[in-house]
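# Architecture at a glance
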Amino acid sequence: MSRMAAADTPLEERRPPLGLRERKKLKTRTAIRRAMFRLIAEQGYEATTIEQIAAAAEVSPSTVFRYFPSKEDIVLAGEYDEAIERALRTRPVDEPPLDSLRAILTAAVSRMLENEPQEMHLRTKLMTEVPALRARMTESMAETSQSLARPLADRAGRDPDDLEVRVFAASVMGALREALLYWAERDQQDDLVALVNRTLDTLKGGPRL
């Protein structure tokens, strides 16, 4: 498959085939996440306990903690981080890094809105309402920026820990975070993909004030 053809392939279709063990793990993770979102929709975030999530997903509380260190991680965790890193490696090497990330992140947002719209809407709404979730989201996006720094550094022939690489990756993820919060704070009425594009335009040329 050519680089350009790979870049046009949906993120989830780029995953290598999963073995039985991996499929079982993914099924368990998905069951836990769906159970939590269902419970939160019914009774709210604070009232939802790990024990209730475990019972609804038909697993033990220890299994929930084995897959997710905290309740916040269940809300925020997706299956896209590794796919995004792989997708970045498929983009043309001479493509501007911001253009590469724009293509990948807008595709990821579109897929989440298409495949799990209710979870996406509830997740971002909770980010504006629950301080612990907003704080964990900041940490999670910092972790994602570190994973993006690796392919960005490889492309530029630099070290992933170089200051410029770290700042660029963190800036893009910080911009994505603000786009998500902006969307949620305005009752999710805007076109989220368009907001992400506007946000990345700001990084490219500065705000038009």
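Residues numbered from 1 in each chain as written. Predicted model: local features only at pLDDT ≥ 70, side-chain atom pairs only at ≥ 80, totals over all residues. Heavy atoms only, no water.

### What about helix H7 (residues 97-115)?
- For H7, built from 19 residues, the straight-helix expectation of 27 Å at 1.5 Å per residue is met to within 8% by its first-to-last C-alpha distance of 27 Å.
- Along H7, the positions that sit buried rather than exposed are Leu98, Ser100, Leu101, Arg102, Ile104, Leu105, Thr106, Ala108, Val109 and Met112. (Helix = DSSP H or I, 4+ residues; strand = E, 2+ residues; numbered from the N terminus. Expected span 1.5 Å × (residues − 1). Buried < 20%, exposed > 50% of the residue type's maximum accessible area, 1.4 Å probe, protein only.)

### Focus: the packing of helix H9 (residues 131-156) against helix H10 (residues 163-185)
- Contact geometry for H9 and H10: axes closest at 8 Å, N-to-C directions at 140°. Accordingly, the angle class assigned to the pair H9 and H10 is oblique. Of the two elements, H9 crosses H10, and the hand of that crossing is right-handed. Across the interface between the two elements, Arg134, Met137, Thr138, Met141, Thr144, Ser145, Leu148, Ala149, Leu152 and Ala153 of H9 pack against Val165, Phe168, Ala169, Ala170, Met173, Leu176, Arg177, Leu180, Leu181 and Glu185 of H10.
- Class assignment for the residues of the contact of H9 with H10 results in 14 nonpolar, three polar and three charged. (Axes fitted to C-alpha atoms, helices over the stretch in contact; angles between N-to-C directions. Parallel < 35°, antiparallel > 145°, perpendicular 65-115°, else oblique. Left-handed = near helix turned anticlockwise from the far one by under 90°. Contact = heavy atoms within 4.5 Å. Nonpolar A, V, L, I, M, F, W, Y, C, P; charged D, E, K, R; others polar.)

### Thoughts on the nonpolar core
- Membership of the largest hydrophobic core comes to 54 residues, with the highest contact counts inside it found for Ile32, Tyr45, Ile74, Val75, Leu126, Leu176 and Leu192.
- A per-element tally of this core places H10 first, with nine residues.
- Once residues within four sequence positions are removed from consideration, Leu192 is found in contact with Val109, Leu113, Met120, Ala179, Leu180 and Trp183. (Core = buried A, V, L, I, M, F, W, Y, C linked by side-chain atoms within 4.5 Å.)

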